[in-house]
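# Coordinate inspection notes
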Amino acid sequence: MHIDLLRSSAKSLPQQICDTLAQRITSGLLQPGTRLPSVRGLAVSLKVSQVTVSKAYADLEKRGHIICSQGKGCFVAEHERNGPDTRTGWQEVYDDYLPRAQLWRNFDYSEVEYPFHMAAIHSGLLPLGPIGATMAQLVTEQPELMASYGNFQGNLELREIMRKHLQPRGITLSSADLMITSGSQQGIDLVARTFVGPGDTVYLEAPSYTGAIDVFAGRGAEMIFVPMDQEGMRVDVLTRLCDQRPPKLIYTNPTFQNPSGVTMSMPRRQRLLELARSYRCLIVEDDPFSDLYFRTPPPPSIKSMDEDGHVVYMKSFSKVLAPGCRIACVAAAGNILSRLIAAKSASDLGSPLLTQGAVLPFISHKYENYACKLRAALRRRMEKAAKLLKQYAPPGVAWNLPEGGLNLWLQLPSAAGIDRLHVLAEREGISFLPGDVCYAGDTPSRHIRLCYSQMKEADMERGLKLFLILLDKHLNSLR
């Protein structure tokens, strides 16, 4: 079993082993009943003492993730997931390099009636008709697009449209400074694969986007989470941390942050950029939601102030237009972008020409009017969700209403019982995102994320009311 151990980390070796295995168990990579390597075998494999592995296993057992039996070994506890298929048992001892996979595990709720777990927009609000019509026209009139590989950097005309889109938002670049990716998730993965290796220090907001955590964990990064307040990431705390461990990369989702909904203030954005300059590191600015403001536009992006190429900016159009088309653009300068393009060429041989062509005319001619109507629809949903929270949320549950985006971030009285709540909600056809997947490690979170935009408005209201009543009963049962 492969585990990246960072011997220079402040976290002890037993703790690193324990946390990695815990994440593999909770995200389903290690199935119930799976036998873990023997203490001696894992110690030899990881080049650590048997005492180190024994301490890690003891902590895992204490947390309830595994069951150890004298003479038989240690096994993943049965209550974690459904049991393994005995026909493919050999696969359980086949090494991989995935330390966690929360994004995969926590977004697989295709059967639930009220899906609050996914930060997405209901199909009825998306411009699928015009984009689909353009795609059908392309298939009919230019079928050769399906037989051609695209430019590794992306369709030049689409990049030019993206350039024009970003310019009034304060980001002045040429189309040569942009790259089209299959959503911002691919952009994050390309940055990590290109610039982050085992032991490199990556700073993130606490909490942070699950998909980014998965990617950086897969690179063996030393992830350090920086607390937030109502102005976003605590840059003062980050500064002190950087004095101890200089950053290789800082990942931030500064506008209507996923999952918390918080927007970073302008002074903090400026200070974060100054910090990156002083440490000569990269900032990855992930921006899927800045066009989804409810009242006033958010502060300018960090990239709009970047004169030295420290910011890799990612603007996703997937969520707001057509998630199935997987379209985003990455803006970066100089040799940083060249290396990202090289990484992309090895990743997918270029994004599909058909999907790039399908969204191009809509972004060019219709996006601004559409975004205005979408903001109004999302604000209406948020306000209805807020009214239900005020009416039905149990005592001790707290939240802050976002100024944009798609999510509500609820704080419960304690982390106790959230796993049980998750099971009870699923039985009622309701899903939510547990807050602990928005952190690395196995630290319980008191938070849950609810998305108010994934369903029809009436379904959202009905489902949220049912959930809040269920939450009230559940919290009462814990008292």
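So, here's what we can say about the structure. (Residues numbered from 1 in each chain as written. Predicted model: local features only at pLDDT ≥ 70, side-chain atom pairs only at ≥ 80, totals over all residues. Heavy atoms only, no water.)

### What about the packing of aromatic side chains?
By convention here, two paired aromatic rings are described through the distance between centres and the angle between planes. Which entries qualify depends on this criterion: Within 6.5 Å between ring centres, the rings of Phe, Tyr and Trp (the latter by its six-membered ring) count as paired, and their orientation is classed by plane angle as stacked under 30 degrees, edge-to-face over 60, tilted in between. Runs of E in the DSSP output that reach at least two residues are strands. Runs of H or I that reach at least four are helices, and both are numbered from the N terminus. Buried means the residue's accessible area, taken with a 1.4 Å probe over protein chains only, is under 20% of the maximum for its type, while exposed means over 50%, and partly exposed covers the values in between.
Applying the stated rule across the entire model yields six aromatic pairs. Look at phenylalanine 225 and tyrosine 439: their rings are 6.2 Å apart centre to centre, the planes differ by 45°, and that puts the pair in the tilted class. You can see phenylalanine 225 sitting in strand E6 (residues 222-229) and its partner tyrosine 439 sitting in the loop between strand E14 (433-434) and strand E15 (447-451), a full 214 residues away along the chain. On the basis of relative accessible area, tyrosine 439 is assigned to the partly exposed category, the value being 21%.

### Structural notes on the side chain of histidine 310
Operational definition: Any two residues having at least one pair of non-hydrogen atoms within 4.5 Å are treated as being in contact.
Summarising the element assignment, histidine 310 is placed in the loop between strand E9 (282-287) and strand E10 (311-316). Those residues in contact with histidine 310 that sit more than four places away from it in its chain are Leu273, Ala276, Arg277, Arg280, Cys281, Leu282 and Ile283.

### Looking at helix H7 (residues 183-195)
How we decide: Helix span is expected to be 1.5 Å times the residue number reduced by one.
A rise of 1.5 Å per residue sets the reference length of H7, with its 13 residues, at 18 Å; its end C-alpha atoms lie 19 Å apart and thus fit the reference within 8%. For H7, the complete set of buried residues consists of Gly183, Ser184, Gln186, Gly187, Ile188, Leu190, Val191, Ala192 and Phe195.

### With respect to the sheet that holds E15
Threshold: Between any two strands, pairing holds if DSSP finds at least two bridges.
Across the sheet, which stays open at both edges, the three strands sit in the order E12-E15-E14 with antiparallel pairing between neighbours. This sheet does not close on itself; its edge strands, each paired only once, are strand E12 (407-411) and E14. Looking at chain direction, E14 and E15 are connected through two bridges and run antiparallel. Within E15, the position partnered with leucine 433 by the bridge is arginine 449.

### Focus: unusual backbone geometry
Of the consecutive residues alanine 206 and proline 207, the connecting peptide bond is found in the cis state with omega at 10°. Along the chain, proline 207 falls in the loop between strand E5 (201-206) and helix H8 (210-218). Phi angles above zero are rare outside glycine, and arginine 280 is one such case at about 50°. Within the element layout of this structure, arginine 280 appears in the loop between helix H10 (266-279) and E9. Looking at arginine 280, the relative accessible area reads 75%, which means it is exposed. A positive phi angle, close to 50°, is found at arginine 326, a residue other than glycine.

### With respect to helix H5 (residues 128-141)
Helix length check: H5 (14 residues) gives 20 Å between terminal C-alpha atoms against 20 Å at 1.5 Å per residue, within 8%. Tucked into the core, H5 has its buried residues touching helix H12 (353-365).

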